[in-house]
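Residue-level structure breakdown
Here are the chains, one letter per residue:
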Amino acid sequence: MLSSMPSPNDAQADLIAYLDFHVEAGADAVLDEQPHDRFGEADTPAPTLRAPRRPAAAPRPVAQANSLVPPPGSPPPAAPARTFGRAASAQPDEAASDARARAREAKSLDELEKILADFDACPLRFTAKNLVFADGNPEARVMFLGEAPGADEDRIGKPFMGRSGQLLDKMMAAVGLDRTSAYIGNIVPWRPPGNRNPTPQEVAVCRPFVERQIELVDPEVIVCLGAPATQTLTGTKDGILRTRGRLFPYKLPTREAKLLATLHPAFLLRQPVQKRLAWRDFRSLRALLDGKA
């Protein structure tokens, strides 16, 4: 039995269909006239290429005594590029020293907020949307301090505005406080990118401002919410579960205030079982304000 041979017309139709398939697949350009066996080429060692000879380097001129002085008529050297104002070039120690000098100039909370808004030696200022200075009553007897603003705080421009802020409001209400009888701030007034923890360098730069803020508010009791605020103001290295509930002395220009460490509301949202510990701390706060402790 003889097999049927394809006619020339059938072969041409198959070829056209084959080409149409590649055009639809995106292969619409011919790179070479002849096909290449790339798998075979992979087994063939590549030819050794000789590196081009480098031209002989010109002899260096002998340094003159005044070689650092540009010749007359030469253009002045370009200033180094700075991404974030002085924050890109300021050293942490220099930035912290500058912050201390500027913080001492503030005679009121309004002046301090304006100085912070113009302070450009902390890079967080350039990644945050807003300066989150404070909220509440600056004449209050108690001052709450957290770590740094979050996304909601950065958007609104006030501390403790998100879920942790709602929990803090409930915790204050449980002991007869609210935002008209308390003053609220953070040790870092700008949101770190991605809600990460502020670095020790960023805390050190912002610390003179929060210390001056405390002096201007002059509270009787400072409540540190979480380990970063507690460690920054007391110098302790212990974790918050070891320091919560403890009272620390905090020296003000004319007297000594009491500092109480407790758990941060954001921590309590992650571990609700620890709310019982925070409730003990807030009862101690109420006793302090009532003069019973």
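Residues numbered from 1 in each chain as written. Predicted model: local features only at pLDDT ≥ 70, side-chain atom pairs only at ≥ 80, totals over all residues. Heavy atoms only, no water.

**Side note on the packing of helix 6 (residues 163-173) against helix 11 (residues 275-289)**
For the record, the criterion: Working convention: axes come from line fits to C-alpha atoms, limited for helices to the stretch in contact. Angles between N-to-C directions cover 0 to 180 degrees. By the criteria applied, helices consist of DSSP H or I runs no shorter than four residues and strands consist of E runs no shorter than two, each listed in order from the N terminus. We call two directions roughly parallel when the angle between them is under 35 degrees, roughly antiparallel when it is over 145, roughly perpendicular when it lies between 65 and 115, and oblique otherwise. When the near helix sits turned anticlockwise from the far one by under a right angle, the crossing is termed left-handed; a clockwise turn instead gives a right-handed crossing. Contact criterion: two residues are considered in contact whenever any of their non-hydrogen atoms come within 4.5 Å of each other. Nonpolar residues are Ala, Val, Leu, Ile, Met, Phe, Trp, Tyr, Cys and Pro. Charged residues are Asp, Glu, Lys and Arg, and all others, Gly as well, are polar.
At their nearest, the axes of helix 6 and helix 11 sit 10 Å apart, and the two run at 50 degrees to each other. Relative to helix 11, helix 6 is oriented oblique. The handedness of the crossing between helix 6 and helix 11 comes out as right-handed. Contacts from Leu167, Leu168, Met171 and Met172 in helix 6 reach Lys275, Ala278 and Phe282 in helix 11. Of the residues that constitute the contact of helix 6 with helix 11, the class distribution is 6 nonpolar, no polar and 1 charged.

**Examining the confidence of the model for the protein**
Note the threshold: For every residue, the predictor reports its confidence as pLDDT, a number between 0 and 100.
In the predicted model, the protein carries a mean pLDDT of 85, and the fraction of residues at 70 or more is 73%. Contacts from residues 62-67, a stretch scored under 50 in pLDDT, to residues over four places away or in other chains number 0 contacts. Here residues 79-84 is modelled with pLDDT under 50, and outside its nearest four sequence neighbours on either side it reaches 5 contacts, counting other chains as well.

**Notes on the pattern of salt bridges**
Quick note on the threshold: We define a salt bridge as a side-chain nitrogen of Lys or Arg found within 4 Å of a carboxyl oxygen belonging to Asp or Glu. A simple rule labels every residue: compare its accessible area, found with a 1.4 Å probe on the protein chains alone, to the largest value its type can have, and call it buried under 20%, exposed over 50%, or partly exposed in between.
For the structure on display, the rule yields 12 salt bridges. Here Arg179 ties to Asp169 by a salt bridge, and the two come within 3.0 Å at their closest N and O atoms. Of this pair, Arg179 sits in the loop between helix 6 and strand 3 (183-186) while Asp169 sits in helix 6; the two residues are 10 residues apart in sequence, bridging distant segments of the chain. Overall, the relative accessible area of 30% leaves Asp169 in the partly exposed class. Between Asp218 and Arg255 there is a salt bridge, and its shortest N-O distance comes to 3.2 Å. Taken together, the residues span a long stretch of sequence, with Asp218 in the loop between helix 7 (200-217) and strand 4 (221-225) and Arg255 in the loop between strand 5 (247-251) and strand 6 (256-262) at a distance of 37 residues. One connected set of salt bridges, linked through shared partners, spans Asp135, Asp169 and Arg179.

**Concerning the pairing of strand 5**
What counts is decided by this rule: Paired strands, as defined in this entry, are two strands with at least two bridges between them according to DSSP.
In strand 5, alternate side chains face the same way, and those of Phe248 and Tyr250 are buried while those of Leu247, Pro249 and Lys251 on the opposite face are not. When strand 5 meets strand 6, the two strands line up antiparallel, connected through 5 bridges. Pairing of Tyr250 across the sheet is with Ala257, part of strand 6. Counting the residues between successive antiparallel strands, the hairpin from strand 5 to strand 6 contains 4 residues.

**Here's the deal with the packing of helix 3 (residues 92-105) against helix 7**
When two helices pack together, their arrangement is captured by the angle between the axes and the distance separating the axes. Where helix 3 contacts helix 7, the two axes come as close as 9 Å, and the packing angle between them is 10 degrees. Classed by the angle they form, the pair helix 3 and helix 7 counts as roughly parallel. Contacts from Pro92, Ala95, Ala96, Ala99, Arg100, Arg102 and Ala103 of helix 3 reach helix 7 at Gln201, Ala204, Val205, Pro208, Phe209 and Arg212. Looking at the contact of helix 3 with helix 7 residue by residue, the classes come out as 9 nonpolar, 1 polar and 3 charged.

**Thoughts on the nonpolar core**
Formally: Joining through side-chain atoms within 4.5 Å is the link that ties buried Ala, Val, Leu, Ile, Met, Phe, Trp, Tyr and Cys residues into a set, and such a set is a nonpolar core.
Grouped together as the largest cluster of nonpolar side chains are 65 residues, with contacts concentrated most on Val142, Phe144, Trp190 and Leu285. If you tally residues by element for this core, the top one is helix 7, at 7 residues. Those residues in contact with Phe144 that sit more than four places away from it in its chain are Leu168, Met172, Leu177, Ala182, Tyr183, Ile184, Gly185, Val223, Leu225, Phe282 and Leu285.

**A closer look at the packing of aromatic side chains**
To keep things clear, this is the line we draw: For this analysis, a ring pair means two rings from Phe, Tyr or Trp (six-membered ring only for Trp) whose centres lie within 6.5 Å, classed as stacked if their planes differ by under 30 degrees, edge-to-face if by over 60, and tilted for the remaining angles.
Per the stated rule, a full pass over the model turns up 2 aromatic pairs. When the ring of Phe119 is compared with that of Phe209, the centres are 5.0 Å apart and the planes differ by 65 degrees; the resulting orientation is edge-to-face. Here Phe119, found in the loop between helix 4 (109-118) and strand 1 (135-136), pairs with Phe209, found in helix 7; they are 90 residues apart in sequence, far enough to count as distant. Assigned by exposure class, Phe119 and Phe209 land together as buried. Ring geometry for Phe144 and Phe282: centres 6.0 Å apart, planes at 20 degrees, overall stacked.

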